[in-house]
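Observations on the three-dimensional arrangement
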Amino acid sequence: MRPNHFGALLLSIILVCAICSISCSGDDDDGDSRINANDDVNNDNVLNDDIDDVNDDATTPDDDSDDDVDDDSDDDVNDDSDDDCEGELTDGFVCVPSGSFQMGSPEDEPGREAYENIHAVQLTNAIEMMRHEVAQGLYESIMGYNPSSFSSRNDSQPVERVSWWDALAFSINYSIQEGYPPCYLLSDIWCVDGTQGQAPDYCGGHGYIDRANLELNNVDSVVDCAGYRLPTEAEWEYAARAGTDTAFYTGDIANQECEPLDSNLDSIGWYCGNAEDATHDVGLKTANDFDLHDMSGNVREWVWDWYNYDYYTQSPESDPAGPSVGSSRACRGGAWGFVARKCRSAARDSSPPDQPNDDLGFRLVRTLGIPVDDDMDDDLDDDVNDDVDDDVNDDLDDDVDDDLDDDTGDDDVSEGFVAIDAGQFQMGSPTNEPGRGGDEILRTVTLTHDFELMTREVTQKDFEDLTGSNRSQFWDCGENCPVEYVSWFDAVAYTIFLSNEAGLEPCYILSDLSCYDSSPGDDIRYCQDNYGIVNATIALNNVDSVYECIGYRLPTEAEWEYAARATTTTAFYNGDITYTECDPLDPNLFQIGWYCGNASGSPHPVGLKDPNSWGLYDMSGNVYEWVWDTYANYGSLPPVDPEGQPVPGLKAHRGGAWNNNAEWCRSAHRFKWQESYRSYNLGFRVARTLSELNSM
């Protein structure tokens, strides 16, 4: 049941009354004025004028080109598609008629990826689509702030550094402004800085939306929404092609990389061959036959769908809207820093919904012909949980407890592991550490159990030998490279396999499994034959705490940082951080880890860099590592043996990765993703409590 809160109801009613007192023209973009119940009614007209100005200033003189598709196109756009485009369109939008097309790419297209399986798609609804990507001026006028990295030039550059959630929030505000019921309902909104957001500002002033609860607003599918929304992946590609079946809507691809320039792409998009490492004003390049600009390059564009590389083989032919579950959202179009082949109409990409980037923006669409009730749906859940525990443990002990228990015998340690004695340390980072995150509150933590930890990350060979599968994206890196592209559930399942092989009682029990191919899975193979686990119920196995487990398990977040530091208190276990970005090289991180400054675009075999004093490798960089804990503020956790609970939520991972800046590879750096999330830079290593086994 969706909560209904009086404040949200009152705000929406006042807004609707204000909007309906003027006119509902239907436009959807960013704006500098926030939607506020106290705004003068005339401000809506001013805001609409400002939005139109941003759109008009950012487009080329040929913006009034014909929006109709050539009826003789190879992609078989419906002959009567002109009927779809009758009626008034929102300023800054163009009509994209219903029709059918071949989605994906032919096998002989240069730069093609294997998951671009060509298949027939029928889109039964005409839509209106923004002529170009949402510009910074438009975004600021709607949301009240501009998060973009390239914000120093002018308001006509595309907005970027917006999470997928931010794009949804923008569409909600824009729909309300234009008198349409929002397509989405967001509640329990959390910002990246740990505060809770609230409409209409959402996370303005607090970074970006990190996570939220999402519902569709009284519809079964996004294509049935009356308000503005993100396009589906199929709608996006259909619109980008505009009746063409070539790599770009101007023709074939000749050169796949940055150099030499591809003449067809150079005329329509900004990419690494011509962008000079920056975004450019929207609408400067040649539009397609639907009068859409920047469908190749400039910034990638969020779309609605969950991403699944295998989805094309199982998607419905009519109005596909993506898989029902996933860990990353699809994005399309390529960007200013991408090679030419990544900017093709068929090129697919993805990113976690909580991960903004300086090459990632969006544009909006709206389904045409959906009747709109006079009474907008006011059941918007804007409730904010103000009972957030902000108490932080300030009882800091500056001395690391070096009085470690030496009772652990090497005979008990598994091959490929090192024994780590119980002890006390300062978890988090000092306020003056370069690159420090706001969630790294320094505090004293005591670990009372000896444990063992793998000396390096689980390798592709380790994973395949035990589970019979290897879905790593960098499989060609070799069997000694870290396994990646595993969900948190997959890592948990691996520890169960490992415990069973060693004759130890597993730490966890998995049940009610859902696999990535939508099959139910089983309690023997745990979806390893079905592309991995996307969801499951997890419980501890006859213990109250993971520290009491006998079998192998994921380390807790506290154990991980304690082990990474190996009694040190500096940013890295070999010293301080000097440079927080990729370039210039940080002299300390260079010695111990693979990151964006030295990894050359991929992970590397484990154990090649210098270990810490406890014999642990790759604790900074190479791949991120899943840990056990559900992500939480340090102030909410006990100072002795802190651990997460087996409940759904964002799971912590640590260590940084091959494609991260130096600051993200510090010992104290924290990050989190959904349990189902998989990425080419995310793996794990395994731990086991020693004192519990010794007491048997």
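The structure this text deals with has already been given above.
Residues numbered from 1 in each chain as written. Predicted model: local features only at pLDDT ≥ 70, side-chain atom pairs only at ≥ 80, totals over all residues. Heavy atoms only, no water.

What follows covers unusual backbone geometry. Omega for the bond connecting A199 with P200 falls within 30 degrees of zero, at 5°, which places this linkage in the cis form. The omega angle of the peptide bond from D583 to P584 is 5°, so this bond is cis rather than trans. Counting through the fold element by element, P584 comes out in the loop between α9 (557-565) and α10 (587-592). Backbone geometry places S600, a non-glycine residue, at a positive phi of 55°. If you trace the backbone, S600 turns up in the loop between α10 and β18 (624-630). Assessed through its relative accessible area of 71%, S600 is described here as exposed. A positive phi angle is found at N622, which is not glycine, with a value near 75°. Of note, N622 is situated in the loop between α10 and β18. (Helix = DSSP H or I, 4+ residues; strand = E, 2+ residues; numbered from the N terminus. Buried < 20%, exposed > 50% of the residue type's maximum accessible area, 1.4 Å probe, protein only.)

A few words now on a negative patch on the surface. A surface patch of negative charge is lined by E107, D108, D245 and D252. Within the secondary structure layout, D252 lies in the loop between α5 (233-241) and α6 (263-266). (Patch = residues over 30% accessible without salt bridge, like charges linked within 9 Å, V, L, I, M, F, W, Y side chains within 5 Å. Areas by Shrake-Rupley, 256 points an atom, 1.4 Å probe, with all protein chains shown as cover. Salt bridge = Lys/Arg side-chain N within 4 Å of Asp/Glu carboxyl O. Lys, Arg positive; Asp, Glu negative; His and termini not counted. Charge placed at Lys NZ, Arg CZ, Asp CG, Glu CD.)

With their axes 10 Å apart at the nearest point, helix α3 (residues 136-143) and helix α4 (residues 164-177) run at an angle of 70° to one another. Taken together, the axes of α3 and α4 lie roughly perpendicular to each other. Residue-level contacts link L138, Y139, I142 and M143 of α3 to D166, A169, F170, N173, Y174 and Q177 of α4. (Axes fitted to C-alpha atoms, helices over the stretch in contact; angles between N-to-C directions. Parallel < 35°, antiparallel > 145°, perpendicular 65-115°, else oblique. Contact = heavy atoms within 4.5 Å.)

It is worth spelling out the environment of T124 at this point. Among the structural elements, T124 can be located in the loop between β3 (119-123) and β4 (127-130). Residue class for T124 comes out partly exposed when judged on its relative accessible area of 44%. When the C-alpha atoms of T124 and G99 are compared, they prove to be 6.5 Å apart, with 25 residues separating the residues in sequence. If we skip the residues at most four places from it in the chain, T124 touches S98, S318 and D319. Within the structure, T124 has its side chain in polar contact with the side chain of D319 (distance 2.5 Å). (Polar contact = N/O pair within 3.5 Å; in protein donor to acceptor, adjacent residues only side chain to side chain.)

Time to look at the layout of surface pockets. Here the second largest pocket defines a volume of roughly 700 Å³. Around the second largest pocket, the lining is made up of 35 residues, and of these W306, G326, Q674, E675 and S676 lie nearest the centre. When the residues that make up the lining of the second largest pocket are grouped by side-chain class, the tally is 19 nonpolar, 9 polar and 7 charged. (1 Å grid on protein atoms, 1.4 Å probe; cavity = no way out; pocket = protein on both sides within 12 Å on 5 of 7 lines; lining within 4 Å. Points joined across faces, edges and corners; volume = space filled by probe spheres on them. Nonpolar A, V, L, I, M, F, W, Y, C, P; charged D, E, K, R; others polar.)

Helix α8 (residues 488-502) packs onto helix α7 (residues 460-467) with a crossing angle of 65° between their chain directions and a minimal axis gap of 10 Å. As judged from the angle between their axes, α7 and α8 are roughly perpendicular. Viewed along their axes, α7 and α8 form a crossing whose handedness is left-handed. Along the contact surface, α7 presents D462, F463, L466 and T467, while α8 presents D490, Y494, F497, L498 and E501. Across the contact of α7 with α8, the residue classes break down as 5 nonpolar, 1 polar and 3 charged. (Left-handed = near helix turned anticlockwise from the far one by under 90°.)

Turning next to the pairing of strand β1 (residues 93-96). Covered by surrounding structure in β1 are F93 and C95 together with V94 and V96, the residues of both alternating faces. Two strands pair when backbone bridges link them, and β1 and β4 are joined in this way by 4 bridges, in the antiparallel orientation. Paired with V96 across the strands is I127, a residue of β4. (Pairing = 2+ DSSP bridges.)

So, about the environment of F93. Tracing the chain through its elements places F93 in strand β1. Classification of F93 by relative accessible area gives buried; the value is 4%. Along the backbone, F93 and I127 are 34 residues apart, and their C-alpha atoms lie at a distance of 9.6 Å.

Let us now look at the sheet that holds strand β10 (residues 360-361). Spatially, β9-β8-β7-β10 is the arrangement adopted by the 4 strands of the open sheet, whose pairing is mixed. Each edge of the open sheet is held by one strand with a lone partner, namely β9 (348-351) and β10.

This part is about the packing of aromatic side chains. As enumerated under the stated definition, the model contains 34 aromatic pairs in all. Judged by centre distance (5.2 Å) and plane angle (75°), the ring pair of W164 and W165 falls under edge-to-face. For W164, a relative accessible area of 0% corresponds to the buried category. Judged by its relative accessible area of 10%, W165 is buried. Measuring from centroid to centroid gives 5.1 Å for F671 and W673, while their planes differ by 45°, and the two rings are tilted. With respect to class, F671 is no different from W673; both count as buried. Chaining the aromatic ring pairs together yields one cluster made of F93, Y139, Y145, F170, Y174, Y180, Y228 and F362. Above the plane of the ring of W304 lies R329, whose end atom (NZ or CZ) is 5.1 Å from the centre. Above the face of the W594 ring, K609 is positioned so that its terminal group lies 4.3 Å from the ring centre. (Phe/Tyr/Trp six-rings, centres within 6.5 Å; stacked < 30°, edge-to-face > 60°. Lys NZ or Arg CZ within 6 Å of the ring centre and 35° of its normal.)

With that settled, consider the sheet that holds strand β20 (residues 670-674). Strand order in the open sheet made by the 4 strands is β20-β19-β18-β21, with mixed pairing throughout. One side of each edge strand has no neighbouring strand; the edge strands of this open sheet are β20 and β21 (682-684). On average, each strand axis in the sheet is tilted by 50° relative to the strand beside it, whichever way the strands run. As paired strands, β18 and strand β19 (residues 650-654) are joined by 3 bridges and run antiparallel to one another. For T630, the partnering residue across the bridge sits in β19 and is K651. Relative to the sheet, α8 contacts β18, β19 and β21, its axis offset from that of β18 by approximately 85°.

Here we take up the state of the cysteines. By the definition in use, this model includes 7 disulfides. Through a disulfide, C515 is tied to C527; the S-S separation comes to 2.0 Å. Note on the C515 and C527 pair: the S-S dihedral is about -75°, so by sign convention the disulfide is left-handed. Highlighted residues: C515 in strand β16 (residues 508-515) and C527 in the loop between β16 and β17 (533-540), separated in sequence by 12 residues. Summarising the burial analysis for this pair, C515 and C527 share the class buried. A sulfur-sulfur distance of 1.9 Å marks the disulfide that ties C582 to C596. Measuring the twist about the S-S bond at about -105°, one finds the C582-C596 disulfide to be left-handed. Pair noted here: C582 is in the loop between α9 and α10 and C596 is in the loop between α10 and β18, with a separation of 14 residues, a long-range link. Overall, C582 belongs to the partly exposed group, its relative accessible area being 28%. Free of any disulfide, C665 has its nearest cysteine sulfur in C596, 7.4 Å distant. (Disulfide = S-S within 2.5 Å.)

These figures capture arrangement, not role.
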